[in-house]
Amino acid sequence: MSAIDYQAIFNEIINDLDEIDEVGEVATYIPELANVDPNKLGMHLTTVTNQHFAYGDADEAFSIQSIAKVWSLTLALKHLGADTWQRVGVEPSGTAFNSLVQLEYEMGIPRNPFINAGAIVVCDILVSCLKNPKEDLLDFIRTSSGIPSIEYCPVIAESEVKTGHRNYALAHMMKGFGNIHNDVDCVLDLYFSLCSIKLTCKQLAQAFLFLGAGGVNPATQQQVITPKRTKRINSIMQMCGFYDEAGEFAFKVGLPGKSGVGGGIVAVHPGKYCIAVFSPRLNASGNSVKAMKVLEALTSKTELSIF
Ligand code: GLN
């Protein structure tokens, strides 16, 4: 079978997109994110055989926000293993990423590790397991991605602290139920730092290619996590990566993926590639409108998805 010309497919997708109106709004509830140019559009696809295809603002660094929750889950699984699932579920929530409602009647056990409540519990696990949580998590992110220059962005983290009332509410409610073991401020400091990381589409496609390659990062040849856990992380991305729009993403795109309110989406085609798309205008579920359209067009035009 001849190799797919993703560059030609990108060009076709861009031509089709020109006809679509600009819809959606940048996230403003984190003040720093409101300053982003809403019209940016970048994409970068890296294959497991190290071929690269890019378009537009693929080298522009942006706040990856909840995409980073894939790393915290990966590291928690390495430390706590299956016991992680005593503290957080593996079911789609069907609710917004920052919803409080479900958490109360489910006794402080978040539905999954990608809604904010679940990611906060995962950060609590890391605070318990790691000697120097912020440094050790960053070290894992740098080595697993093969990108030693990755840093937390203090300006964005600080901006989130100032307006993070819902996250404080989630953490305190879970503490009330006994599902946060450490100091809330300390756990949220790790959570906000994690969400503050800025990367380009090109870097993101490299960083999460291990999920398309049985847990091995092809750029470094490092086994980041076992194939069995790679399967589990991909399944959770498939079912929970887009909050109350996870069904829509599976239906339209058919790949495991993870979004962030910075406007990024990472999607993985196991055995083939990892792609990152960046476009800051979000829909009501906090997912990038255009990035979803690009990915839907990609799997439609190639006629290849996991289904
Ligand atoms: N840091 C953001 C928050 O806590 C992450 C949300 C997201 O990207 N969906 O609200």
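Residues numbered from 1 in each chain as written. Predicted model: local features only at pLDDT ≥ 70, side-chain atom pairs only at ≥ 80, totals over all residues. Heavy atoms only, no water.

A.B. asks: Please clarify how the UniProt feature "binding site: substrate" (unreviewed entry) in the chain should be interpreted in this entry.
C.D. replies: Per the UniProt record, "binding site: substrate" (unreviewed entry) is found at Ser 66, Asn 116, Glu 160, Asn 167, Tyr 191, Tyr 243 and Val 261. Structurally, Ser 66 can be placed in the loop between strand E3 (62-63) and helix H2 (69-80). Ser 66 sits in the buried class, given a relative accessible area of 6%. Every residue in contact with Ser 66, bar those within four places of it in the chain, is listed here: Asn 116, Tyr 243, Lys 258, Ser 259 and Gly 260. By the element assignment, Val 261 lies in the loop between strand E7 (257-259) and strand E8 (264-269). Beyond its immediate chain neighbours, meaning those up to four positions away, Val 261 contacts Ala 27, Tyr 29, Ile 30, Leu 33, Gln 65, Phe 97, Leu 282 and Gly 286. (UniProt positions renumbered as here; feature names shortened; annotations may be inferred. Helix = DSSP H or I, 4+ residues; strand = E, 2+ residues; numbered from the N terminus. Buried < 20%, exposed > 50% of the residue type's maximum accessible area, 1.4 Å probe, protein only. Contact = heavy atoms within 4.5 Å.)

A.B. asks: Sorry if this is basic, but what is going on with the site of the ligand here?
C.D. replies: Around the ligand, the neighbouring residues are Tyr 29, Gln 65, Ser 66, Phe 97, Asn 116, Glu 160, Asn 167, Tyr 191, Cys 195, Tyr 243, Gly 260 and Val 261. The contact in question runs from an oxygen atom of the ligand to an N or O atom on the side chain of Tyr 29, over 2.6 Å. A distance of 2.6 Å is found between an oxygen atom of the ligand and a side-chain nitrogen or oxygen belonging to Ser 66. Coverage of the ligand by the protein amounts to 99% of the 300 Å² it exposes when considered alone. Of the residues belonging to the shell around the ligand, the class tally is six nonpolar, five polar and one charged. (Near = heavy atom within 4 Å. Polar contact = N/O pair within 3.5 Å; in protein donor to acceptor, adjacent residues only side chain to side chain. Areas by Shrake-Rupley, 256 points an atom, 1.4 Å probe, with all protein chains shown as cover. Nonpolar A, V, L, I, M, F, W, Y, C, P; charged D, E, K, R; others polar.)

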